[in-house]
Amino acid sequence: MPREKFQTLTEPMFYTLLCLRAPAYGAEIMEQVSRLTGGAVRLGPGTLYHLLEEFCAVGLITESDALGRRRTYRLTPKGEALLQNEYARLCRLAEDYRRVFQPRGSAPGQDKEEEP
Amino acid sequence: MKDRRIAYELLELYDWQGVERRLERRAAKGWRLEKIVSPLWYYRRAKPAQVHYAVTYLPNVGEATPRPDPEAQALDAVCTAAGWEKVCDWNGMQIFANEQPDPLPLETDERLRLQAIHQTLKRHWMGPMVILAVLFSLLFLLNLGSLREPGPAQRFAFALFLCGALYPIADLCLYGLWYLRARRTVERGKKCPSNHALTLVSTGFCAAVIVLFVLFLAAVLWQGLPGAGRRAAYMLLYIPAYMAIVWCLSRLRIALRERGFSAAANWGLVILLAFVLCFALQMLLAQFVLYA
């Protein structure tokens, strides 16, 4: 079943938006994503360009400056709201996980079967 | 020793992997792509090296889009920062090279890759292919009567026209099937499947057209039809002259876009000149070769 666009964010989408809280240009975003994730998320320059175009088209980010060939982008209120929703969704998932695998009072790694 | 090499590459616009692999093989043999002036690819001699090539697509940057284009420049800036240097572009396809041993891939999201390929093809490839399919089908239907006459030359001509009419239709259908399959695959989170096999099919069609054309010419001469020699000479001269016109118009299109002409003005002038030059070529060859 195809996932509705931006209903949930992929890792490259999430980190790209996260990096645009302050204005940044392409190379800076790639660098920040790599630093934030310790190199776990690889964001190719072609993919980043297409992502930025897509985000701009739906108003999640805006072009804040263009210096020569370099374009700078930043998050819009709509983009910020989407990022907050995604964060809330991820927190819900984490909370559910904790509820199932780490009941209150038990140490991490102990599962339900070990409860008295 | 030659420092430049010009090749007619049988590659399709949608076949990104075919283009990347072909350019990497050529670079390993000491030939680096310099530019593309349709239908010819220009290479320059360089030290044989393992160069990585990667392509991405910009649907809004066509053959006649005025240069420098801000979209292409923005993409180039991001790619340069990751070590990918722009080589040239071809009908929306942006070709980059990287000499680092293990570079960061240009595309890391298969959904976006497929989306860019499809949007570019919708914009720059499907329209011309549909026109080609309609024109060749009309040509085939209009000549159906004379093509049914007995004789080997007529049979080869029938097969030649049929091949010409089927090629764009088959190419469009096969691309459509590949796209539907690729979309399903990408939606499942898997890698975009290769479409290099489609290039092999179109290469097969081209080979069939060339073989049929040679057989047709041989049959015309063998049958000894009235004016057979003149007909053969007409066709043999027409094809290289037509290719030369295509090449000249391609150079003109590039010159106009570099001078900042709008895409509409560029295409208008090129199409007008194409009609005039093809008509003049036909008249000249008819006057001095066919009815001399």
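Going by the structure above, here's the rest.
Analysis parameters
Residues numbered from 1 in each chain as written. Chains lettered and ligands numbered in written order. Predicted model: local features only at pLDDT ≥ 70, side-chain atom pairs only at ≥ 80, totals over all residues. Heavy atoms only, no water. Helix = DSSP H or I, 4+ residues; strand = E, 2+ residues; numbered from the N terminus. Buried < 20%, exposed > 50% of the residue type's maximum accessible area, 1.4 Å probe, protein only. Contact = heavy atoms within 4.5 Å. Areas by Shrake-Rupley, 256 points an atom, 1.4 Å probe, with all protein chains shown as cover. Pairing = 2+ DSSP bridges. Axes fitted to C-alpha atoms, helices over the stretch in contact; angles between N-to-C directions. Parallel < 35°, antiparallel > 145°, perpendicular 65-115°, else oblique. Nonpolar A, V, L, I, M, F, W, Y, C, P; charged D, E, K, R; others polar. Phe/Tyr/Trp six-rings, centres within 6.5 Å; stacked < 30°, edge-to-face > 60°. Lys NZ or Arg CZ within 6 Å of the ring centre and 35° of its normal. Patch = residues over 30% accessible without salt bridge, like charges linked within 9 Å, V, L, I, M, F, W, Y side chains within 5 Å. Salt bridge = Lys/Arg side-chain N within 4 Å of Asp/Glu carboxyl O. Lys, Arg positive; Asp, Glu negative; His and termini not counted. Charge placed at Lys NZ, Arg CZ, Asp CG, Glu CD. Expected span 1.5 Å × (residues − 1).

A. Fine view of the overall build of chain A. Across its full length, chain A holds four helices and three strands. Secondary structure elements in chain A, listed N-terminal to C-terminal, are α-β-α-α-β-β-α. Out of the 116 residues in chain A, the part that is buried amounts to 37%. Taking all contacts inside chain A whose residues are at least 6 apart in sequence as the whole, residues at least 24 apart take part in 45%. As displayed, chain A offers around 7,200 Å² of accessible surface, 51% of which is attributable to carbon and sulfur atoms.

B. Looking closely at the sheet that holds strand β6 (residues 93-98) of chain B. Residue and element names in this part refer to chain B. Across the sheet, which stays open at both edges, the three strands sit in the order β4-β6-β5 with antiparallel pairing between neighbours. Where the open sheet ends on each side, the last strands, each with one partner, are β4 (52-57) and β5 (85-90). Ignoring strand direction, the axes of neighbouring strands in this sheet form an average angle of 25 degrees.

C. Looking closely at the packing of helix α6 (residues 152-187) of chain B against helix α7 (residues 196-223) of chain B. Residue and element names in this part refer to chain B. Relative orientation of the contacting elements α6 and α7 amounts to 170 degrees, with a least axis distance of 8 Å. As far as their axial angle goes, α7 and α6 are roughly antiparallel. When the residues that make up the contact of α6 with α7 are grouped by side-chain class, the tally is 25 nonpolar, three polar and one charged.

D. Examining unusual backbone geometry more closely. Residues and elements named next belong to chain B. In this model, Ser38 is joined to Pro39 through a cis peptide bond whose omega is 5 degrees. By the element assignment, Pro39 lies in the loop between β2 (31-37) and β3 (40-45). Residue Arg67 is joined to Pro68 through a cis peptide bond whose omega torsion reads -5 degrees. One can find Pro68 in the loop between β4 and α2 (70-81).

E. Broad picture of the packing of aromatic side chains. Going through the model one piece at a time under the given rule, you end up with 13 aromatic pairs over all chains. Here Tyr97(A) and Phe101(A) contribute two aromatic rings whose centre-to-centre distance is 4.9 Å and whose plane-to-plane angle is 35 degrees, an arrangement assigned as tilted. One end of the pair, Tyr97(A), and the other, Phe101(A), are both in helix α4 (residues 77-101), four residues apart, so they sit about a helical turn from each other. Summarising the aromatic geometry, the rings of Tyr175(B) and Tyr179(B) are spaced 6.4 Å apart at their centres and angled 15 degrees between planes, so their arrangement reads as stacked. Of this pair, Tyr175(B) and Tyr179(B) are both found in helix α6, four residues apart, which corresponds to roughly one turn of the helix. Residue class for Tyr179(B) comes out buried when judged on its relative accessible area of 15%. For Arg70(A), the ring lying beneath its charged end belongs to Tyr25(A), and the centroid distance is 3.8 Å.

F. Layout of a positive patch on the surface. Residue and element names in this part refer to chain B. A contiguous patch of positive charge, built from Arg181, Arg183, Arg184, Arg188 and Lys190, is present on the exposed surface. As for its position among the elements, Lys190 is in the loop between α6 and α7. The exposure class assigned to Lys190 is partly exposed, which follows from its relative accessible area of 49%.

G. Examining the sheet that holds strand β2 (residues 61-67) of chain A more closely. Residue and element names in this part refer to chain A. Taken together, the three strands give an open sheet; going across it, the order is β1-β3-β2, and neighbouring strands pair in antiparallel fashion. Of all strands in the sheet, those with a lone pairing partner are β1 (24-25) and β2, marking the two edges. In the sheet, β2 pairs with strand β3 (residues 70-75) via six bridges, with the strands oriented antiparallel. Note that in β3 the partner of Glu63 across the bridge is Tyr73.

H. Expanded view of helix α9 (residues 263-290) of chain B. Residues and elements named next belong to chain B. Spanning 28 residues, α9 covers 38 Å between terminal C-alpha atoms, matching the ideal 40 Å at 1.5 Å per step. Within α9 the residues assigned to the buried category are Asn266, Val270, Cys278, Leu281, Leu285, Ala286, Val289 and Leu290. Buried residues in α9 make contact with α8 (228-258).

I. Summary view of the interface of chain B and chain A. Contact residues are listed per partner, giving 28 residues for chain B and 20 residues for chain A. Applying the counting rule to chain B against chain A returns one salt bridge. Listed by contribution, the elements that provide at least two residues to the side of chain B that touches chain A are β4, α2 and α3 (110-124) of chain B. By residue number, the principal contributor to the side of chain B that touches chain A is α2(B), which donates 11 residues.

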